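A look at the structure
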Amino acid sequence: MERRAQGRSRMDAGVPVRRRREMAAATSGASRCRLSKVGAGRRPPPARVRVAVRLRPFVDGTAGENDTPCVRGLDSCSLEIANWRNHQETLKYQFDAFYGERSSQQDIYAGSVQPILRHLLEGQNASVLAYGPTGAGKTHTMLGSPEQPGVIPRALMDLLQLTREESAEGRPWALSVTMSYLEIYQEKVLDLLEPSSGDLVIREDCRGNILIPGLTQKPITSFADFERHFLPASRNRTVGATRLNQRSSRSHAVLLVKVDQRERLAPFRQREGKLYLIDLAGSEDNRRTGNKGLRLKESGAINTSLFVLGKVVDALNQGLPRVPYRDSKLTRLLQDSLGGSAHSILIANIAPERRFYLDTVSALNFAARSKEVINRPFTNESLQLHVLAPIKLSKKELLGPSEAKRARGPEEEETGSPEPPAAASSASQKLSPLQKLSSMDPAMVERLLSLDRLLGSQGSQGTPLLSTPRRERMVLMKTVEAKDLEIERLKMKQKELEAKVLAQEAADPKEKENYSPTMLRPLARRTVTVAKPLKKAVVMPLQLIQEQAAYPSAEIHILKKKGRKRKLESLDASEPEERGEDCWELQISPELLAHGRQKILDLLNEGSARDLRSLQRIGQKKAQLIVGWRELHGPFSQVEDLERVEGISGKQMESFLKANILGLAAGQRCGPS
Ligand SMILES: Nc1ncnc2c1ncn2[C@@H]1O[C@H](COP(=O)(O)OP(=O)(O)OP(=O)(O)O)[C@@H](O)[C@H]1O
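Residues numbered from 1 in each chain as written. Predicted model: local features only at pLDDT ≥ 70, side-chain atom pairs only at ≥ 80, totals over all residues. Heavy atoms only, no water.

**A word on the overall build of the protein chain**
Looking only at helices and strands, the protein chain has 23 helices and 23 strands in total. Within the span of the protein chain, comprising 673 residues, buried residues form 48% of the whole. Considering only residue pairs separated by 6 or more positions, the protein chain has 68% of its internal contacts joining residues 24 or more positions apart. Accessible area for the protein chain stands at about 34000 Å²; split by element, carbon and sulfur atoms hold 52% of it. (Helix = DSSP H or I, 4+ residues; strand = E, 2+ residues; numbered from the N terminus. Buried < 20%, exposed > 50% of the residue type's maximum accessible area, 1.4 Å probe, protein only. Contact = heavy atoms within 4.5 Å. Areas by Shrake-Rupley, 256 points an atom, 1.4 Å probe, with all protein chains shown as cover.)

Structure (structure tokens):
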């Protein structure tokens, strides 16, 4: 009788609905769209960890006389193994691929690894992990031999060829490849290219990328280059003889290949794709390996990290809030590959011998759990900051403090890496207005980029939009013009409204009684404590202004025009009453208005929550919102930015402006009343 131990239906039963939906989307390939860091607002599409199982053949001397394999392949995706609890049954497993004992190195590479390499050229990450018990063929699969090269040499050969083709003259991107090689030995991260470096630290930047500051990176342009660095470094890897494997890997070996891309034309995007090729150390049953002393200690570290790896996979599958990545160096490094941002493939190596039976079942169970893990690969793309001809604007003019901080790049900020990206380091010297792109709304950047591409596709000769300094200047000038017009419009509106208020008050005799004709009441109602106590704005009827021509410094005037007809609503709204009414018009010198705006801006940028509360229409809550926004986004560049504060509407911003601008302007200019 057969029993499907880890078949899809049984496994799905324990998977939460949300997760199953994600898995379905992953397998159907539905709604795949590329997401870049530039458009990081959207959620990247899922990609399930692919799992392949490779069965090693009996190797010389391992087969007993009547030895028959305990595992058997059923088809290209499934296999069965005897059930040790019930000899009448077999356990069946299904994976993305199954490679039997006759499969070649090329079969595994072409079937499971080659297809993910293209993602690197899209600026996405990919990982290949060889997993399995000691002696099951992990190193053979990853490294192979000169006669039967494994995944690593084949992938490097292809990748270098691909990058050469993509980088050829006339192609839009210039590509470069670098390699690093490390091992995790007894919980220490050791640089195999520079063994004297000692234990290195693993860090994570604010985007969730895993980094190892100080790890050697060698540029490689050909396979000969690769071999020149890789072969001596491989000899640095810790191997040792155990009873089960004469050359047993005592460490997890990680080859990291980075593909950097720089766009040759504007907008000069940059992409980085990382490929991890990982040969894990094998799990070991020390009763059978006969390990003692150092080997036993090594084995303990290996088994512990593999145990944490299992816990990580389980936590991801169960959707637990805490995934124990930090519990071992291995899992910390694999954070990208399991439940992270990489296209990952796990190759579980198993051995046919009966004495490996329990290890094999355990490896198959781990592999079956791993195939439920969902990753979310995205395109790691950014804009190159320094390539455009700098326009003579000071850094301060171009970037606010927070923007400047952001432009330095998260890696630099987080890790203090000794090798900061070239773009970031030179960016601080050469700055272009387009640096602001890096802090712009991602949707806007996308639109600019597509506009640029459109211009290119329409045969626009010569330099494209974003890199043409003249056009760039024109765009900037247009923006400035638009802003000026907006300011003018607001000024006019303010004048109108102020005049309206005054006219209404003038029309109401009761109101009139309450204030002296020379005082503008609404603004004098509240004392504003900025640097100096606020003085009251003085407004005068036209006659008074004429009489008092001796006051040349008065810059706010309310002109009273007589004899104009105005329609006012009577108390009884049904009978609008038309009567002759004095009409007031406000005149403020543009200079004074600008002063008022500047004072508000200063207060918004420098004032404490308490200072801000001294402004009209700003209460405790709004003051805190303003301070919070400022901390997050940096200083306000204009008063109208207030509208960008969550909780303050455009209308509120306008009324705030009206209520404050004149008062502050007057406070600046008028002497004590
Ligand atoms: N598919 C295969 N075909 C032929 N020989 C193989 C195959 N897989 C493994 N071998 C041989 O089996 C032996 C053990 O393989 P390997 O060293 O790759 O195991 P491993 O899983 O890396 O072990 P460890 O975890 O101890 O390092 C080697 O001699 C290797 O050449």
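**Describing the nonpolar core**
Ile-81, Tyr-93, Phe-95 and Leu-309 are the most contacted members of the largest nonpolar core, which has 53 residues in total. Take this core: its biggest share by element is 8 residues, from helix α8 (residues 293-317). Sequence-distant contacts of Ile-81, defined by excluding residues within four places in its chain, comprise Cys-70, Val-71, Thr-90, Leu-91, Tyr-93, Tyr-357, Thr-360, Val-361 and Leu-364. In terms of nonpolar packing, the next biggest core, distinct from the first, is built from 40 residues, Met-142, Val-177, Met-179 and Phe-223 among them. (Core = buried A, V, L, I, M, F, W, Y, C linked by side-chain atoms within 4.5 Å.)

**Looking at the pattern of salt bridges**
A complete count under the given rule lists 17 salt bridges for this structure. Residue Asp-225 is joined to Arg-228 by a salt bridge in which the shortest nitrogen-to-oxygen separation is 2.9 Å. Of the two residues, Asp-225 and Arg-228 both sit in helix α6 (residues 223-235), 3 residues apart, roughly one turn of that helix. Classification of Asp-225 as buried rests on a relative accessible area of 14%. Between Lys-311 and Asp-327 there is a salt bridge, and its shortest N-O distance comes to 3.8 Å. Of this pair, Lys-311 sits in helix α8 while Asp-327 sits in the loop between α8 and α9 (329-333), and the two are 16 residues apart along the sequence. For Asp-327, a relative accessible area of 36% gives the class partly exposed. (Salt bridge = Lys/Arg side-chain N within 4 Å of Asp/Glu carboxyl O.)

**Topic: the UniProt feature "binding site: ATP" (unreviewed entry) in the protein chain**
When the UniProt feature table is mapped to this numbering, "binding site: ATP" (unreviewed entry) covers Gly-132, Pro-133, Thr-134, Gly-135, Ala-136, Gly-137, Lys-138 and Thr-139. Along the polypeptide, Pro-133 turns up in the loop between β7 (125-131) and α4 (138-142). Residue classification places Pro-133 among the buried positions, given a relative accessible area of 1%. Ignoring sequence-local partners within four residues, the contact set of Pro-133 consists of Lys-138, Gly-282, Ser-283, Asn-349, Asp-359 and Ala-363. Structurally, Gly-137 can be placed in the loop between β7 and α4. When neighbours within four sequence positions are excluded, Gly-137 is seen to be in contact with Arg-56 and Asn-349. (UniProt positions renumbered as here; feature names shortened; annotations may be inferred.)

**Focus: the packing of helix α3 (residues 105-121) against helix α5 (residues 151-166)**
For any two helices packed against each other, one specifies the crossing angle of their axes together with the interaxial distance. Contact geometry of α3 with α5 gives a least axis separation of 10 Å together with a crossing angle of 40°. Viewed along their axes, α3 and α5 form a crossing whose handedness is right-handed. Each of Gln-105, Gln-106, Tyr-109, Val-113, Gln-114, Leu-117, Leu-120 and Leu-121 in α3 lies in contact with α5, whose residues at this interface are Val-151, Arg-154, Ala-155, Asp-158, Leu-159, Leu-162, Thr-163 and Glu-166. Split by residue class, the contact of α3 with α5 holds 9 nonpolar, 4 polar and 3 charged. (Axes fitted to C-alpha atoms, helices over the stretch in contact; angles between N-to-C directions. Left-handed = near helix turned anticlockwise from the far one by under 90°. Nonpolar A, V, L, I, M, F, W, Y, C, P; charged D, E, K, R; others polar.)

**Focus on the packing of aromatic side chains**
In this structure the tally under the stated criterion is 6 aromatic pairs. Aromatic pair Phe-226 and Phe-230: ring centres 4.8 Å apart, planes at 20°, arrangement stacked. In this pair, Phe-226 and Phe-230 both sit in helix α6, 4 residues apart, roughly one turn of the helix. You'll find Phe-226 and Phe-230 in the same group, each marked buried. (Phe/Tyr/Trp six-rings, centres within 6.5 Å; stacked < 30°, edge-to-face > 60°.)

**Digging into the pairing of strand β15 (residues 252-263)**
Most of β15 is tucked away, with 10 of its 12 residues classed as buried. Judged from the 12 bridges that link them, strand β8 (residues 173-185) and β15 form a sheet pairing that is antiparallel. Bridging from a neighbouring strand, Trp-173 pairs with Glu-263 of β15. As judged from the 10 bridges shared by β15 and strand β16 (residues 269-279), these two strands associate in the antiparallel manner. Of the residues in β16, the one forming a bridge with Leu-256 is Tyr-276. Connecting β15 to the antiparallel partner β16 that follows it, the hairpin turn spans 5 residues, and Phe-268 within it adopts a positive phi of roughly 55°. (Pairing = 2+ DSSP bridges.)

**Looking at α3**
Along its 17 residues, α3 runs 24 Å from first to last C-alpha, staying within 8% of the 24 Å computed at 1.5 Å per residue. At Val-113, α3 is bent by approximately 45°, the largest bend along its length, and proline Pro-115 sits one to four residues beyond. Along α3, the positions that sit buried rather than exposed are Gln-105, Ile-108, Tyr-109, Ser-112, Val-113, Ile-116, Leu-117, His-119, Leu-120 and Leu-121. Directly after α3, the chain includes Gly-123, whose backbone phi takes a positive value near 80°. (Expected span 1.5 Å × (residues − 1). Bend = angle between axes of the 7 residues up to and from the residue.)

**Thoughts on the sheet that holds strand β4 (residues 78-82)**
As summarised here, the arrangement of the 3 strands in space is β3-β4-β5, forming an open sheet in which the pairing is antiparallel. The outermost strands of the open sheet, each flanked by one partner alone, are β3 (71-73) and β5 (90-94). Neighbour to neighbour, the strand axes of the sheet diverge by 25° on average, direction disregarded. Where β4 meets β5, 5 bridges bridge the pair, whose relative direction is antiparallel. Across the sheet, residue Glu-80 finds its bridge partner in β5, namely Lys-92. Docked against the sheet, helix α10 (residues 357-370) engages β3, β4 and β5, running at close to 145° with respect to β4.

**Quick word on the environment of Ala-82**
When you line up the elements, Ala-82 lands in strand β4. Ignoring any residue separated from it by four or fewer positions in sequence, one finds Ala-82 in contact with Cys-70, Glu-89, Thr-90, Leu-91 and Tyr-357.

**Topic: α6**
Given a rise of 1.5 Å per residue, 13 residues ought to cover 18 Å, and the 18 Å separating the end C-alpha atoms of α6 matches this to within 8%. Those residues of α6 that fall on the buried side of the exposure criterion are Phe-223, Asp-225, Phe-226, His-229, Phe-230, Ala-233 and Ser-234. Each element contacted by the buried residues of α6 is listed here: α5, β8, β12 (218-220) and β15.

**Examining the side chain of Thr-163**
Relative to the helices and strands, Thr-163 resides in helix α5. Judged by relative accessible area, Thr-163 falls into the buried class, the value being 6%. Not counting residues up to four positions away in its chain, the partners in contact with Thr-163 are Leu-121, Leu-175, Val-177 and Val-259.

**What about the side chain of Gln-105?**
Within the secondary structure, Gln-105 is located in helix α3. For Gln-105, the side chain forms a polar contact with the main-chain oxygen of Gln-148, separated by 3.0 Å. Residues within four places of Gln-105 in sequence aside, it is in contact with Arg-54, His-140, Thr-141, Gly-144, Gln-148, Pro-149, Gly-150 and Arg-154. (Polar contact = N/O pair within 3.5 Å; in protein donor to acceptor, adjacent residues only side chain to side chain.)

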